[in-house]
Amino acid sequence: MREEEDRIVGMEDIVRAHHVLREVIIRTPLQRDAVLSAKYDCDVYLKREDLQIVRSFKIRGAYNMIRSLSVEDRAKGIVCASAGNHAQGVAYSCKALGIKGKVYMPSTTPNQKVKQVRRFGGEFVEVILKGDTFDDAYDEALQACIDHGMTLIHPFDEPRIIAGNGTIAMEVMESLDNPADFMFVTIGGGGLAAGIATYVKTVSPSTKLIGVEPLGAASMTEAIKLGEVVTLKEINKFVDGAAVKRVGGLTYDICSRHLDDIVMVPEGKACTTILELYNENAIVVEPAGSLPIAALDQYRDQIRGKTVVCIISGGNNDIDRMQEIKERSLIYEGLKHYFMVNFPQRAGALREFLGEILGPHDDITRFEYIKKHDKENGPALVGIELLSTDAYEPLIERMQQKGVDYVEINKDSNLFNILI
């Protein structure tokens, strides 16, 4: 019975965490965004956790939990598994409190995040890269706890982590003159959404809480659909801050009771949102941080004239990923198309393709022959970028009229994954 009571997260836990976190975090701004407000005909406010001391909300839960450990547990050290942001929060907390820690990260974690963890933790933290996903790294972290008697700082499924995250909602509600009508929050393992939901539904039950997951890693959606926590067989790891195969048992319990809806955002849509936020708002967000704003299109009619809050969970975006982000956005928006073209074996075929098939504003962004030998008589991979989606059908019509032998790779997932 005592263990079940320890797993409950309440308002008093969030208020207590709020006082503890004053030692280390900054109170991030809640900003009304004029561009988004005009676009959706409502008042859109952004809770800027991308401006937090480690550029994400994760320090809130990490510091709150580590700070609460006994002297004996601190002496043994701590261990965590993370795709990046939780690791940074843990690393910063270790250095601030003088505690030794081991941080396990997937080998697929962007290099920028790995460097940040090492910088924040300094001599107090050892970074260990293991596996391809968070779940792989988590298994290694659990083994380290067994082998060395260290305390696991779970990234989401722990009451003190959830309570620390809930302080975000406390700051939001204190900053608004009237309670928000809608609040959109990213779901990875569910710790952020659970903390937000615990506070918001206590002080403002009428506020609609909308969880947002990446389409390729919708583990909370699947859990709620089946009525129990499940492990997804495969996930799309692109939205690394929210790509979790299995949500937490405690976070599932809280989210299933308090969230009003969960929507899924395609990874390509998240990329478009990242670029728009940068170009129109001068805000740098990571893929997971873009999800709440990317979800607004799905709620356009419901939020008109309302007060809307989007939690921007983090801004740790590796600049090296920007080309991939642009590519994914163009493909999602229907502006980038790949074809396998088998050019006829005669002189001038390529010149004819360029002059008679491409439109005046179409641009070839990739061209490579597939065959290693006798390239001029074999198929070529051709990438074409369009100025607008209206140019797609005329392009296809011209290829068909000219009898071009082609395969549209965008519509063949197997070919696309192999070649692109």
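Everything numeric here is computed off the predicted structure, so don't read it as measured data.

Engineer: For this particular structure, what's the right way to read the layout of surface pockets?
Structural biologist: With a probe scaled to a water molecule rolled over the atoms, the places where space remains empty come into view. Counted as a void, the largest pocket has a volume near 410 Å³. What lines the largest pocket is a set of 14 residues, among which Asn236, Glu267, Arg328, Ile331 and Phe416 lie closest to the centre. Mapped onto the lining of the largest pocket, the elements with two or more residues apiece are helix H13 (267-281), helix H16 (322-332) and helix H19 (413-419). In terms of residues, the lining of the largest pocket owes the most to one element, H16, which gives 5 residues. The residue makeup of the lining of the largest pocket, split by class, is 6 nonpolar, 4 polar and 4 charged.

Engineer: Honestly, the packing of helix H4 (residues 58-67) against helix H9 (residues 159-175) in this entry has me stumped. Any pointers?
Structural biologist: Any two packed helices are characterised by the angle at which their axes cross and by the distance between the axes. It is the contact of H4 with H9, at a shortest axis distance of 7 Å, that shows an interaxial angle of 130°. In terms of orientation, H4 and H9 fall into the oblique class. Of the two elements, H4 crosses H9, and the hand of that crossing is right-handed. Between H4 and H9, the contacting residues are Arg60, Gly61, Ala62, Asn64 and Met65 on the first element and Arg160, Ile161, Ala163, Gly164, Asn165, Thr167, Ile168 and Glu171 on the second.

Engineer: I tried to follow the side chain of glutamate 286 on my own but got confused; where do I start?
Structural biologist: Among the secondary structure elements, glutamate 286 is positioned in the loop between H13 and helix H14 (287-294). For glutamate 286, the side chain forms a polar contact with the side chain of asparagine 85, separated by 2.9 Å. When neighbours within four sequence positions are excluded, glutamate 286 is seen to be in contact with Arg55, Asn85, Lys113, Gly241, Ile274, Gly314, Gly315, Asn316 and Asn317.

Engineer: Which parts of the structure should I look at to understand the nonpolar core?
Structural biologist: Across soluble globular proteins, you tend to see nonpolar side chains buried next to one another. Val172, Met183, Ile196, Val309 and Ile311 are the most contacted members of the largest nonpolar core, which has 37 residues in total. Where this core is concerned, the elements lending two or more residues are helix H2 (11-21), H9, strand E7 (182-186), helix H10 (191-203), helix H11 (219-226), helix H12 (249-258) and strand E10 (307-312). Isoleucine 196 has contacts with Asn165, Gly166, Ile168, Ala169, Met183, Val185 and Leu209, leaving out every residue within four places of it along the chain. Counting residues in each nonpolar core, the second largest holds 32 residues, with Ile283, Val285, Ile303 and Cys310 among its members.

Engineer: Can you walk me through the sheet that holds strand E5 (residues 125-129) in this structure?
Structural biologist: Across a sheet, paired strands are connected by hydrogen bonds in the backbone, their directions being either parallel or antiparallel. Taken in spatial order, the 4 strands line up as E5-E4-E3-E6 in an open sheet, and their pairing is parallel. Every interior strand has two partners, whereas the edge strands, E5 and strand E6 (151-152), have only one. Bridge count for strand E4 (residues 101-105) against E5 is 5 bridges, and the pairing is parallel. Residue valine 103 lies in a different strand from E5, and its bridge partner there is valine 127. Across the sheet, helix H7 (residues 111-121) lies against E4 and E5, angled at about 160° from E5, the strand it touches most.

Engineer: Looking at this structure, how should I read the packing of aromatic side chains?
Structural biologist: Two measures describe an aromatic ring pair: the distance that separates the ring centres and the angle between the ring planes. Tallied over the entire structure, the rule returns 7 aromatic pairs. Judged by centre distance (5.9 Å) and plane angle (80°), the ring pair of phenylalanine 339 and tyrosine 406 falls under edge-to-face. Linking phenylalanine 339 in strand E11 (residues 336-342) with tyrosine 406 in strand E14 (residues 405-408), this pair joins segments that are 67 residues apart in sequence. A relative accessible area of 1% places phenylalanine 339 in the buried class. Between the aromatic rings of phenylalanine 367 and tyrosine 369, the centroid separation amounts to 5.3 Å while the plane-to-plane angle is 90°, which identifies the pairing as edge-to-face. Exposure remark for tyrosine 369: the relative accessible area of 25% places this residue in the partly exposed category. Taken together, the ring pairs in this structure connect Phe182, Phe184 and Tyr299 into an aromatic cluster. In this arrangement the basic side chain of arginine 119 is found over the ring face of phenylalanine 120, its NZ or CZ atom lying 4.6 Å from the centre.

Engineer: Can you help me understand unusual backbone geometry in this one?
Structural biologist: Glycine aside, residues mostly have negative phi, and peptide bonds are mostly found in the trans state. Notably, arginine 55 is not glycine yet its phi reads approximately 65°, a positive angle. Along the polypeptide, arginine 55 turns up in the loop between strand E2 (43-48) and H4. Phi at alanine 282 takes a positive value of approximately 55°, unusual for a residue other than glycine. Along the chain, the position of alanine 282 falls in the loop between H13 and H14.

Rules behind the numbers
- Residues numbered from 1 in each chain as written.
- Predicted model: local features only at pLDDT ≥ 70, side-chain atom pairs only at ≥ 80, totals over all residues.
- Heavy atoms only, no water.
- 1 Å grid on protein atoms, 1.4 Å probe; cavity = no way out; pocket = protein on both sides within 12 Å on 5 of 7 lines; lining within 4 Å.
- Points joined across faces, edges and corners; volume = space filled by probe spheres on them.
- Helix = DSSP H or I, 4+ residues; strand = E, 2+ residues; numbered from the N terminus.
- Nonpolar A, V, L, I, M, F, W, Y, C, P; charged D, E, K, R; others polar.
- Axes fitted to C-alpha atoms, helices over the stretch in contact; angles between N-to-C directions.
- Parallel < 35°, antiparallel > 145°, perpendicular 65-115°, else oblique.
- Left-handed = near helix turned anticlockwise from the far one by under 90°.
- Contact = heavy atoms within 4.5 Å.
- Polar contact = N/O pair within 3.5 Å; in protein donor to acceptor, adjacent residues only side chain to side chain.
- Core = buried A, V, L, I, M, F, W, Y, C linked by side-chain atoms within 4.5 Å.
- Buried < 20%, exposed > 50% of the residue type's maximum accessible area, 1.4 Å probe, protein only.
- Pairing = 2+ DSSP bridges.
- Phe/Tyr/Trp six-rings, centres within 6.5 Å; stacked < 30°, edge-to-face > 60°.
- Lys NZ or Arg CZ within 6 Å of the ring centre and 35° of its normal.

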